[in-house]
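Listed below are the residues making up each chain.
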Amino acid sequence: MELFELGIKAAQDGLAKGEFSATELVKSVIDRYHAKNAEIGAYLTFDEEQALALAAANPKSVPIAIKDLINVEGQPCTCASKILKGYVSPYDATVVKNLKANGFIPCGRVNMDEFAMGSSTENSGLGVTRNPYDLARVPGGSSGGSAAAVGGNLCIAALGTDTGGSIRQPASFCNCVGIKPSYGRVSRFGVTAFASSLDQVGPMTKTVEDSAILLKALAGHDEMDGTTPHDPVPDYVKALEGASLKGVRVGLPKEYLEVAGLDPEVKRITDEAIARCEAAGAELVPVSLPHTEYAMAVYYIIAPAEASANLARFDGVRYGHRSAQAKDVYSLYTKSRAEGFGPEVKRRIIMGTYVLSSGYYDAYYGRAQKVRTLIKQDFDRVFEQVDVLLTPCAPTPAFKFAELQDPLTMYLNDLFTIPSSLAGVCAASVPAGFTKDTNLPVGVQLICGGFEEERLLKICKAFEDISK
Ligand code: GLN
C-alpha cells in the first residue's frame, strides 16, 4: 500500500510507530498529486514548499486537503471564483487553527463550485474536477474537489462545507464518508460565507472512524463565531466503540423513499441498505416529514437572500479582482462584479436581492422563514420516535458533464439534503454500494437530531461495518 492511500487513523498509527515521517507522508501525497491531478483536477493549487515545511516542523502530523473557501494563512483563498483570483489569506480560519493544534496540517487547495453554489463543481470559475470513478462524470458539488481528492486517493482526508448538501452529495458520488455537523457545532470564522444560517464545515474521509477523528479536532466553541455554543465536544472516536444497530430505531421517511424520479439503482442500493440494517437488529419505523415538499423552495429563497448580502463585500475595493475599465466608484463596483462573478453566482445574487427587496420581503423571505420553522418541527417530532433517519443521499449517482443543463434540474439534486440543512440537524453520507451497469458509488444519508453527532457517528460506523 502506498502512503497516499492511507486514511487518517492508519496514517496516525504509522506515524506513531515511526514507520514513516510526516515528510514522507506529505511527499507521497505530492507525488500522487503530480501523477493524477492533471487528470482529476481535484486541487486548484498545492503549495508544496509550505506543505513540506509544515511537515518538517510537525513530524507526527497528517495532511488534510482544504476546500478553497477556508482561509489558511499565506495560501490563496479564491472560492474558485475569478473575483478572488490572486487573493492570499492573511490568517487561519478557526478550523485550520484547530487542525494544527490537533496534529493535522493544511495541504493543498481543492476545487469547488464558485462560492459553493452548485452540485457538480461545474460552476468553478478556475478549473474542471472529474469523478475518479468515471472521468466522464462530475464529482458532485459543491465540495467536488474534496470528494475527488478523497475518493481518488489524492489526499488522506479533506475538509468540505455544506450549506444544502455540499458535503454529502459529493461524498455519495465519490465513495467517501461525509459529515455535515449540526449548525453551530463547528466554527465558521475564516470560512467565506455563502448562507450564514446554513453553512457548516465538516470532514470528508475514507472511513467513519476518520470522520470521527477529524470532527473531534474541528468542533467546539469559538469566541469568533457566536453560533457555536459552549457545549462540550464529546469524544466522537470513543463513541464508536461497540457500535451496533441492534435496537436502533431507524426512521424511513416516505417523502424520501417513495419519490418519482428516484434512479432505480439508487433505490435498489437504498432498499438493500435498509434490509441490511434490519438484519443487523435495527427496528424499521415508517415515518413522515410532511413539509418536505416545501424545503427546496424555502432553501432557494433563504440561501440566495443571505448570499446576496454576504457577497456584497466583493466589490473591487478590498479583495481580489478590480476592473481595469472602472471610471468611478459606481463603475468600479459594477464592472468588477460583472467581470468577476460567474453566471450561477450572479443568478443567486439577483434572486436574493429580489426576495429581500422592499415590497417582496414579507411575501418571500418572511414566509420562507416561517415554513422553515415548520420543517424544523417535522424533524423535532420525528426524533421523538426514532434515533436516526435513513434516506437516499442524492436522487441519482454521479451524472455526466453538461448532463444537467438547466439550473432547476441541478437544484433538484439537493432534494434529500436540503431539509436537514434547514433544520440545522446533523447528517452524514456513508458509502452503501455500487450501481450494477455503471459501477458508480452510491451513498445513503443518515440523519440525527441537533448536536447528536455521537449517536450519528456510532450508527454510521455500524452501517459501514455491515456494508463492506
Ligand atoms: N447544491 C446546493 C446549492 O447549490 C448546495 C450547495 C452547498 O451546500 N454549498 O446551493
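None of these values were measured; they are calculated from a predicted model.

A. Summary view of the overall build of the protein. Assigned secondary structure in the protein consists of 16 helices and eleven strands. Rg of the C-alpha trace for the protein: 21 Å, near the compact-globule value of 23 Å for 468 residues, within the 12% margin. Over its C-alpha atoms, taken along the principal directions, the protein stretches across nearly 70 × 60 × 50 Å. Within the protein, the proportion of its 468 residues that are buried is 59%. Considering only contacts in the protein between residues 6 or more positions apart, those separated by 24 or more positions represent 75%. Here the protein carries 47 positive and 55 negative side-chain charges, and the mean point of each set is 2 Å from the other.

B. Region of interest: the nonpolar core. Tyr43, Ile70, Val95, Phe115, Leu159 and Phe379 are the most contacted members of the largest nonpolar core, which totals 149 residues. The dominant element in this core, judged by the number of residues it contributes, is helix α10 (residues 295-310), at ten residues. What Tyr43 contacts, discounting residues up to four positions off in sequence, is Val29, Tyr33, Asn37, Ala65, Cys107, Gly108, Arg109, Val110, Leu154 and Cys155.

C. Structural view of the pattern of salt bridges. The final tally for this structure, using the stated rule, is 19 salt bridges. Residue Glu265 pairs with Arg268 through a salt bridge whose shortest N-O separation is 2.7 Å. Remark: Arg268 and Glu265 occur in helix α9 (residues 264-279); sequence separation between them is three residues, near one turn of the helix. For Arg268, a relative accessible area of 18% translates into the label buried.

D. Structural view of the packing of helix α1 (residues 8-16) against helix α7 (residues 208-218). At a closest axis distance of 8 Å, the pairing of α1 and α7 adopts a crossing angle of 75°. Regarding the angle of α1 to α7, the classification is roughly perpendicular. For the pair α1 and α7, the contacting residues are Ile8, Lys9 and Gln12 in the first and Glu209, Asp210, Ile213 and Leu214 in the second.

E. Summary view of the layout of surface pockets. The volume enclosed by the largest pocket comes to roughly 360 Å³. Lining the largest pocket are 19 residues, with Tyr91, Val191, Thr192, Ala193 and Arg313 positioned closest to its centre. Broken down by class, the residue content of the lining of the largest pocket amounts to eleven nonpolar, four polar and four charged. Each pocket or cavity is described by its volume, and for the second largest pocket that value is around 290 Å³. Lining the second largest pocket we find 18 residues, and of these Glu122, Asn123, Glu344, Arg347 and Met410 sit closest to its centre. Those elements that place two or more of their residues in the lining of the second largest pocket are α12 (343-356) and α14 (407-411). Looking at the lining of the second largest pocket element by element, the count peaks at four residues for α12. Residue composition of the lining of the second largest pocket, grouped by class: seven nonpolar, six polar and five charged.

F. Structural view of unusual backbone geometry. Residue Ser142 follows Gly141 across a cis peptide bond; omega there is 10°. Take Ser142: it is sitting in the loop between β3 (104-110) and α5 (144-151). The phi angle at Phe115 is positive, at roughly 50°, despite the residue not being glycine. Along the chain, Phe115 turns up in the loop between β3 and α5. In this structure Phe115 comes out as buried when scored by relative accessible area, which is 2%. With phi around 55°, Asn439 is a residue other than glycine that occupies positive phi space. Position of Asn439 relative to the elements: it lies in the loop between β10 (426-434) and β11 (441-448).

Analysis parameters
- Along each chain, residue indices are assigned from 1 in the same order as the chain's sequence is written.
- pLDDT decides what is reported in this predicted model: residues at 70 or higher carry local features, side-chain atom pairs at 80 or more are listed and counted, and totals for whole chains, interfaces and linings draw on all residues regardless.
- Values shown for side chains rest on all heavy atoms present in the structure; no hydrogens or waters enter the calculation.
- Helix and strand definitions follow DSSP, with helices as H or I runs of at least four residues and strands as E runs of at least two, each counted in order from the N terminus.
- Between the two quantities, the radius of gyration covers C-alpha atoms and the globule rule is 2.2 Å times the number of residues to the power 0.38.
- Accessible area is worked out with a 1.4 Å probe on protein chains only. A residue is then buried under 20% of its type maximum, exposed over 50%, and partly exposed in between.
- Contact between two residues is taken to exist if any of their heavy atoms lie within 4.5 Å; hydrogens are not considered.
- A positive count includes Lys and Arg, and a negative count includes Asp and Glu. His and the chain ends are not counted in either.
- A charged residue contributes its charge at one atom only: NZ of Lys, CZ of Arg, CG of Asp or CD of Glu.
- Here the nonpolar core consists of buried residues drawn from Ala, Val, Leu, Ile, Met, Phe, Trp, Tyr and Cys, with membership extended through side-chain atoms lying within 4.5 Å.
- Salt bridge, as used here, is a side-chain nitrogen of Lys or Arg placed within 4 Å of a carboxyl oxygen of Asp or Glu.
- Axis definition: a line fitted to C-alpha atoms, over the contacting stretch in the case of helices. Angles run 0 to 180 degrees between N-to-C directions.
- Geometric relationships in this document are graded by angle, where less than 35 degrees denotes roughly parallel, more than 145 denotes roughly antiparallel, 65 to 115 denotes roughly perpendicular, and other angles denote oblique.
- Only protein atoms enter the calculation, which uses a 1 Å grid: trapped sets of points that fit a 1.4 Å probe without letting it out are cavities, open sets showing protein on both sides within 12 Å along at least five of seven lines are pockets, and any residue with an atom within 4 Å of a point is a lining residue.
- Grid points are joined across faces, edges and corners, and a volume is the space filled by probe spheres set on the points.
- Under the scheme applied here, ten amino acids are nonpolar (Ala, Val, Leu, Ile, Met, Phe, Trp, Tyr, Cys and Pro), four are charged (Asp, Glu, Lys and Arg), and all others, including Gly, are polar.

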